[in-house]
Amino acid sequence: MPRQNNRRGGNRIWNNDNRYNNGGNQFGEHDDRGENTGNKLHRTKNTRRVSFKPSGAGGTGGRQFNNKPQKNLNLAIRTTLDDDDDMVDFPNGLNRDGNYHRNPNARLRRRGSPVPRTGHGPPGMRKLVSGTSGWFLVTVPHGQKYDKEYVLKELQTLVAPESLIPHYVKVESSALCFYVDDIKIAQTLLQGDRRITLPDGFKMIIRVRNNIPQVQIDANLKEKMKLAMAKRYTAATKALDLTKFHTDVDLKDIFCALFRPTIMLAAIDIIAENIPDLEALDLSDNKIHLLDHLKCLAKKLPCLKILHMANNKITSPNSLDALKECQLVDLVLKGNPLRDRLREETVYISEIRKKFPKLLRLDFINLPPPMGFDIPDEMNMPSPKASYLCNYSGADIVRQFLEQYFIIFDSDNRQPLLDAYHEHAMFSLTATHSSQQGQRLGSYLPHNRNILRIKDYEARGRHLKSGRLPVVSFLSELPATQHDPNSFAVDLSFFTPKLMLLTVTGLYRERSKPTENICSFQRILVIVPSGSGFCIKNEMLHINNPTMVQIKSAFKTTAPSTPAPTPSIAAPAPSTSAPSSTDDATKLQMVQLMSQRSNMNLEWSEKCLIETNWDFDRAAFVFTELNNQHKIPAEAFAK
């Protein structure tokens, strides 16, 4: 049996008839393919090339022979060959036994030799990476010795039934080179290395690697692009079809792939110069993956309404931000990786419509008309307010109720709150624990009824307080507090004579540690009539740590402190009184009472009442709102 000895420079086969052939030259090395390829090289004393390795039993570092019998020489050669590690660069990808080398534990090269380059292993081990461009350079070493059509025909047979479309075929350094833009074709060609037998008996070497053709943007290229676009333009519909633009027959000798930003920008300039009123553009099947350079599209093509970008490599909806300024009504994105990421149809439509609110058609499917408001685009939204009242009729009720509630809640005895809760009231508390700024809510966490954390239904039931007495008993166990009225924000979301929905947010501090335990709270109250007053039917209390801005502004007022009003004080005139029905004595009394309550001087108190049409309750409410927002100047309190 012939033995194979792997040496650098090719796979040499040593035969028993004392001759060898060079049958595996690498590309760029010496090629013995000529008229004397088959000449026999007789082994003589001066032409022997035999290497000897050290003896495994501690030899002298190399075998020496001097007039030894031929038997010992053959033994030395066999020992050297058997001691070499298997290499992957055997002809046809075979090992010594004539089979493909598939043992993952075996060494794949001689010890100390360089690591083989990618693509030199057995077919099953060779892999290509698709990359962002998807272009591959195919090289056939020594391909200039054969007819180009013959080589391409053999390669077509290798990839059949797929079609081989070679781009930019040329000969470089005795090698036949061309490009393919399909990873499946490129992988098949790579696996076909040394599987095609050429007419002279050699195996065809096929090298494949990721590479992009180079191109220079000049006047010649732009002129050819312009001519190719001219035949793809439909004047009747003002539409330009640039699908697979690089495969156009007019561009077969020039690399003109639109996924290259420089080429895409050159194409946009040509379109803007020659077709400025373009309305439809098809960029499908161009391997486009970057869109940042397309921000100029809205400015250079202002009439563009239809854009098709199917079967490209757009991975994220955020990539479409570069096209947000385009007023698109028809968009096609199918075949892009982003469609696989957004498999849910409703989510996909929602994400794309966030970028293009006027979109009416997506992936050839008509969309429901977008929801909107018939208001001018330049209209400004109302300024935000600290509090909201859905009905001003409930302002006085809410004010009095909250005043009485928090006066009792901040006192040493919370038992009077029994009158503030319904007989079948329900109460729950949640707390967000954080160690920020040293704030800890440890006293509230044992009662935390966060149903996202508490999965046990019995535990959820224990943390829900039902009934007037259990609610007030629980509130009495909480730490003693002092609330900051100036931090309150009140939202009256729903108001009827029989039901109110009220939300109160603000700050308070625990009296045991007034400088440390400042907390933020939110109370959601459902209030219903009870006897001659109102009571709480349902309450949810949420406590968390305040922000740094809230801590800095807590318990600080821009005006002198206002004495706490008592529910017994009533307005001297009904809230519905008009200026014509209010005499001067009553007005003077109202001004004095407003000054007493608000701590403003008489001038500003009168101004407040005049602006509210002498509606005392309305004036008191307006003052409270403006004072909470720190919008009342200091001069109003100067006396």
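Here goes a summary of the coordinates provided. What you see is a predicted model, and the numbers here were worked out from it, not measured in a lab. (Residues numbered from 1 in each chain as written. Predicted model: local features only at pLDDT ≥ 70, side-chain atom pairs only at ≥ 80, totals over all residues. Heavy atoms only, no water.)

This part is about the overall build of the chain. A tally of helices and strands in the chain yields 15 helices and 21 strands. Sorting the 639 residues of the chain into buried and exposed places 39% on the buried side. Long-range pairs, those at least 24 residues apart, make up 64% of the contacts in the chain with a sequence separation of at least 6. Summed over its atoms, the accessible surface of the chain is roughly 36400 Å², and 52% of this surface lies on carbon and sulfur atoms. (Helix = DSSP H or I, 4+ residues; strand = E, 2+ residues; numbered from the N terminus. Buried < 20%, exposed > 50% of the residue type's maximum accessible area, 1.4 Å probe, protein only. Contact = heavy atoms within 4.5 Å. Areas by Shrake-Rupley, 256 points an atom, 1.4 Å probe, with all protein chains shown as cover.)

Further remarks concern the pattern of salt bridges. Proximity of charged atoms lets side chains of opposite charge pair with each other. Scanning the model with the defined rule gives 17 salt bridges in all. Salt-bridge contacts for Asp248 lead to Lys231; the nearest nitrogen and oxygen are separated by 3.2 Å. Note that Asp248 is positioned in the loop between strand 9 (239-241) and helix 5 (261-274) and Lys231 in the loop between helix 4 (219-230) and strand 8 (233-234), a separation of 17 residues in sequence. Judged by its relative accessible area of 48%, Lys231 is partly exposed. Asp248 is the partner of Arg232 in a salt bridge, and the nearest nitrogen-oxygen pair spans 2.9 Å. (Salt bridge = Lys/Arg side-chain N within 4 Å of Asp/Glu carboxyl O.)

What follows covers the sheet that holds strand 8. Whenever strands of a sheet pair, they do so through backbone hydrogen bonds, lying parallel or antiparallel. A sheet is described by the order of its strands in space; here 7 strands give the open sequence 8-9-10-11-12-13-14, paired in mixed fashion. Because the sheet does not close on itself, it has two edges, and the strands there are strand 8 and strand 14 (365-366). For strand 13 (residues 361-362) and strand 14, the ladder comprises 2 bridges, and the chain directions are antiparallel. From the neighbouring strand, Leu362 faces strand 14, where its bridge partner is Ile365. (Pairing = 2+ DSSP bridges.)

Moving on to the pairing of strand 18 (residues 481-496). As paired elements, strand 15 (residues 388-389) and strand 18 share 2 bridges and run parallel to each other. Looking at the pairing, Tyr388 lines up with Asp491 of strand 18. The pairing of strand 18 with strand 19 (residues 499-510) spans 11 bridges and is classified as antiparallel. Paired with Val490 across the bridge in strand 19 is Val504. From the end of strand 18 to the start of strand 19, which pair antiparallel, there are 2 residues.

Let us look at the pairing of strand 19. Inspection of the sheet shows strand 19 paired to strand 20 (residues 518-530) by 10 bridges, in the antiparallel sense. Within the sheet, the bridge partner assigned to Met500 lies in strand 20 and is Ile527.

Now for the sheet that holds strand 21 (residues 533-544). Pairing within the open sheet is mixed, and its 7 strands lie in the order 15-18-19-20-21-16-17. Since the sheet does not close on itself, it has two edges, and those belong to strand 15 and strand 17 (465-466), each with one partner. Pairing between strand 16 (residues 421-431) and strand 17: 2 bridges, direction antiparallel. When the sheet's bridge partners are listed, Met426 is paired in strand 17 with Ser466. This element, helix 11 (residues 468-477), spans strand 16 and strand 17 of the sheet and lies at about 40 degrees to strand 16. (Axes fitted to C-alpha atoms, helices over the stretch in contact; angles between N-to-C directions.)

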